[in-house]
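Reading the structure
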Amino acid sequence: MITITAPAKINLTLRILGKRADGYHALESVMQTVSLVDTLLIQSARELSFHCDTHSLNYANNLVLKAARLLRDETGCNMGARITLEKNIPTRAGLGGGSSDAANTLVGLDKLWGLKLPVSDLAALAARLGSDIPFFLYAPTALISGRGEVVTPLPAPPSYNIVLVKPKTGLPTPQVYAELHAAPLQPMKEGYAPETTAMLAALAQGDSAAIAAQLVNDLQATAFRLLPALAQLRDKMLASGALAACLSGSGSAIFAICPDASTAHQIAKKLHHQGLWTWSGVTL
Ligand code: C5P
């Protein structure tokens, strides 16, 4: 049996550069995994099967099963597996839970089935399943571009303290992108967006306060418009001692960078008492 953890991600930056002719958005995002994880248990079996403690995820087209079928079809492998997912990462949160599960399913099955595919081959399959899935093969820290599938790994800065908060209402990614009404993509200039360059410098400095000062997310204003309670949530986190707080991906989770573990814990506790899903931990 193979046990593999699938971490959540946060977006330290997310710049939308414009809408592409294929309908996707060209983006640049620095992504970072955190110590909130789902767990995949993968056992040899004759057939492919998927079991999840969150019953709403037990459907035939689940991303984990899609990943498993794609790997099997593309390699001509005729083996099966019993895959069990212990779900901790909330869905419709912008935390990449489903994407991480899919990426780590590819990694786990590659091992179980003895395929030994290079990571670049796994990443090409991952990109067919979803834009932000290849990132999880190069985590903990990376810059993603294109529609999200072009991954440039970055050295991970020293670990720092994070709190995650999510209201009951989630946000579907396609809706947030549609409501953005982004302008068509113009011919790209050389180099990265200034906000990306600033974050790369902060990461190299390795100081969480420097990283906190550079958080940006171009989907945040749209998400706050769709779900106005999110802005209040961000303000509460800032008022409770967070260095900075920002929407993760397309939301609806907000993450905050905290000066120490006790501040992160206190914010999580306080907002949990107000009926929200909360978590505190560290970056990987
Ligand atoms: O690639 P993925 O299937 O995860 O994307 C989900 C949806 O998010 C897309 O159908 C699209 O509406 C939106 N999206 C986008 N531009 C991206 C990534 C996602 O518009 N770069």
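Right above here is the structure, for reference.
Cut-offs used in this document
Residues numbered from 1 in each chain as written. Predicted model: local features only at pLDDT ≥ 70, side-chain atom pairs only at ≥ 80, totals over all residues. Heavy atoms only, no water. Salt bridge = Lys/Arg side-chain N within 4 Å of Asp/Glu carboxyl O. Helix = DSSP H or I, 4+ residues; strand = E, 2+ residues; numbered from the N terminus. Buried < 20%, exposed > 50% of the residue type's maximum accessible area, 1.4 Å probe, protein only. Near = heavy atom within 4 Å. Polar contact = N/O pair within 3.5 Å; in protein donor to acceptor, adjacent residues only side chain to side chain. Areas by Shrake-Rupley, 256 points an atom, 1.4 Å probe, with all protein chains shown as cover. 1 Å grid on protein atoms, 1.4 Å probe; cavity = no way out; pocket = protein on both sides within 12 Å on 5 of 7 lines; lining within 4 Å. Sits in = over half its atoms within 2 Å of the grid points. Nonpolar A, V, L, I, M, F, W, Y, C, P; charged D, E, K, R; others polar. Pairing = 2+ DSSP bridges. Axes fitted to C-alpha atoms, helices over the stretch in contact; angles between N-to-C directions. Arc of directions from axis to C-beta. Parallel < 35°, antiparallel > 145°, perpendicular 65-115°, else oblique. Left-handed = near helix turned anticlockwise from the far one by under 90°. Contact = heavy atoms within 4.5 Å. Core = buried A, V, L, I, M, F, W, Y, C linked by side-chain atoms within 4.5 Å.

**Concerning the pattern of salt bridges**
- Throughout the structure, instances matching the rule amount to eight salt bridges.
- The closest approach of N and O atoms between Asp218 and Arg15, which form a salt bridge, is 2.7 Å. Highlighted residues: Asp218 in the loop between β8 (216–217) and α8 (220–226) and Arg15 in strand β1 (residues 2–19), separated in sequence by 203 residues.
- By relative accessible area, which is 19% here, Arg15 ends up buried.
- Where Asp235 meets Arg234, a salt bridge forms, and the shortest distance between an N and an O atom there is 3.0 Å.

**Considering the site of the ligand**
- Taken together, Gly23, Tyr24, His25, Leu27, Gly130, Ser131, Arg147, Thr173, Pro174 and Tyr177 make up all the residues around the ligand.
- With respect to the ligand, the side chain of His25 contributes an N or O atom lying 2.7 Å from an oxygen atom.
- Between the ligand and Ser131 there is a distance of 2.5 Å, counted from an oxygen atom to a side-chain nitrogen or oxygen.
- Contact with the protein chains removes 72% of the 450 Å² of surface that the ligand exposes when unbound.
- Mapping the ligand onto the cavity grids shows that it belongs to the largest pocket.
- Sorting the residues of the shell around the ligand by element identifies β2 (25–45) and α5 (173–180) as the ones contributing at least two each.
- In terms of residues, the shell around the ligand owes the most to one element, α5, which gives three residues.
- Looking at side-chain class alone, the shell around the ligand contains four nonpolar, five polar and one charged residues.

**Considerations on the sheet that holds strand β11 (residues 277–282)**
- If you trace the four strands from one edge of the open sheet to the other, you get β9-β10-β7-β11, paired in antiparallel fashion. The sheet terminates laterally at β9 (244–247) and β11, the two strands that pair on one side only. Between one strand axis and the next, the sheet turns through 20° on average, direction left out of account.
- Bridge analysis of strand β7 (residues 161–166) against β11 gives six bridges, and the strand direction is antiparallel.

**Observations concerning the pairing of β1**
- Most of β1 is tucked away, with 14 of its 18 residues classed as buried.
- Bridge count between β1 and β2: 15 bridges; the pairing is antiparallel. Residue pairing across strands places Thr13 opposite Val30, the latter belonging to β2.
- Where β1 folds back onto β2 in an antiparallel hairpin, the turn is made up of five residues, including Gly23, whose phi is positive at roughly 95°.
- Relative to β8, β1 runs parallel, the two sharing two bridges. Among the inter-strand pairings, Leu14 is bridged to a residue of β8, identified as Asn217.

**Considering helix α9 (residues 229–239)**
- Residues Leu230, Leu233 and Met237 constitute the buried set of α9. Taken end-on, α9 shows its buried residues confined to a sector of 55°, consistent with a single buried face. In α9, the exposed positions angled more than 90 degrees off the buried face are occupied by Gln232 and Ala239.
- Among the residues trailing α9, Gly241 stands out with phi positive, at a value near 110°.

**Considering the packing of helix α2 (residues 97–112) against helix α3 (residues 119–129)**
- For the pair α2 and α3, the least separation of the axes is 10 Å and the interaxial angle reads 140°. With respect to α3, the axis of α2 lies oblique. Seen along the crossing, α2 lies across α3 with a hand that is right-handed. In this structure, α2 contributes Leu106, Val107 and Asp110 to the contact, and α3 contributes Leu122, Leu125, Ala126 and Leu129.

**Examining the pairing of strand β10 (residues 254–258)**
- Of all five residues that make up β10, five are buried, and the element is covered over most of its length.
- Residues Ile254, Ala256 and Cys258 point to one face of β10 and Phe255 and Ile257 to the other, with burial holding for every one of them.
- The sheet contact formed by β7 and β10 spans five bridges and is antiparallel. Looking at the pairing, Leu164 lines up with Phe255 of β10.

**A few points about the nonpolar core**
- Counting residues in hydrophobic clusters, the biggest one holds 63 residues, and the most contacted among them are Ile83, Val163, Leu230 and Met237.
- In terms of residue count, helix α1 (residues 63–75) provides more of this core than any other element does, six residues in total.
- When near neighbours in sequence (up to four residues on either side) are disregarded, Val163 contacts Met237, Ile254, Phe255, Ala256, Cys258, Ala264, Ile267, Ala268, Trp279 and Ser280.
- Within the second largest apolar cluster, 27 residues are counted, among which are Ile89, Leu203, Ala210 and Ala212.

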